[in-house]
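Here are the chains, one letter per residue:
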Amino acid sequence: MFKHLLVAIDGSHHSLKAAEKAVAMALQFGSRLTLIHVARRFHLPDSLKAYLRDEHIEGEPLYDIDAATRKVIDDVRREALDAGLHAIDVVFKEGRPARSIADYAGAHHVDAIVVGSRGLAEPETFLLGSVSHKVANLAGCTVIIVR
Ligand SMILES: Nc1ncnc2c1ncn2[C@@H]1O[C@H](COP(=O)(O)OP(=O)(O)OP(=O)(O)O)[C@@H](O)[C@H]1O
Ligand SMILES: [Mg+2]
């Protein structure tokens, strides 16, 4: 039923809860699980970017992965392994979060995307954050919003 689940991580405790649900579902359905984080690009000065490009310097991707996101990813991976789930991948993208998540799902035969209802923003009156709202609108597959 859900052969491939995609869970979106922004470093918030909501995304950790979403990932824990996704791990439980993956165990129940025997799904493959992919964690996705959409990062901002480092704001390097143009001169430094040009230098790195000209000198063919490679290494860490120029993504700005914050400590909270790394911690959520590490915690989820450890919990999943402890629970016996080994088919886990982590992908980093950059760009607009909702569009990138929906596009990744479309291109990788994802059966359901799991997101938190809210993320890192201060709680407001809205029930849903803008990313979860947009993913639900853009995705071509089932979207599970975890509260
Ligand atoms: N950059 C991101 N990369 C991956 N997943 C994300 C990202 N941002 C949000 N999400 C996912 O969307 C869920 C809802 O977060 P969202 O950003 O919509 O709410 P918010 O931060 O409370 O409000 P907003 O960002 O609209 O001000 C998160 O729990 C997470 O699953
Ligand atoms: Mg947000």
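Keep in mind it's a predicted model, so treat the numbers as computed, not measured. (Residues numbered from 1 in each chain as written. Chains lettered and ligands numbered in written order. Predicted model: local features only at pLDDT ≥ 70, side-chain atom pairs only at ≥ 80, totals over all residues.)

Notes on helix α5 (residues 130–138)
Buried within α5 we find Val 131, Ser 132 and Val 135. For α5, the buried positions fall inside an angular range of 100° around the axis, keeping them on one side. α5 presents Ser 130 and Asn 137 as exposed residues on the side facing more than 90 degrees away from its buried surface. Its buried side turned inward, α5 meets α4 (97–107), β5 (112–116) and β6 (142–146). (Buried ≥ 20, exposed ≤ 12 C-beta atoms within 10 Å, placed from the backbone. Helix = DSSP H or I, 4+ residues; strand = E, 2+ residues; numbered from the N terminus. Arc of directions from axis to C-beta. Contact = placed C-beta atoms within 7 Å.)

Examining the site of ligand 1
Close to ligand 1 lie 21 residues; Gly 116, Gly 119, Gly 129, Ser 130 and Val 131 are nearest. Among the residues making up the shell around ligand 1, the classes are represented as 10 nonpolar, nine polar and two charged. (Near = placed C-beta within 6 Å. Nonpolar A, V, L, I, M, F, W, Y, C, P; charged D, E, K, R; others polar.)

A closer look at the nonpolar core
Counting 34 residues, the largest nonpolar core has Leu 5, Val 7, Ala 19, Ala 22, Ile 101, Ile 113 and Val 135 as the members making the most contacts within it. Of the residues forming this core, the biggest block, six residues, is contributed by helix α1 (residues 13–29). Those residues in contact with Val 135 that lie beyond four places of it in its chain are Ala 98, Ile 101, Ala 102, Ile 113, Val 115 and Val 143. (Core = buried A, V, L, I, M, F, W, Y, C linked by C-beta atoms within 7 Å.)

As for unusual backbone geometry
Positioned with a positive phi, His 109 is a non-glycine residue whose angle comes to about 50°. Summarising the element assignment, His 109 is placed in the loop between α4 and β5. For His 109, a count of 10 C-beta atoms within 10 Å translates into the label exposed.

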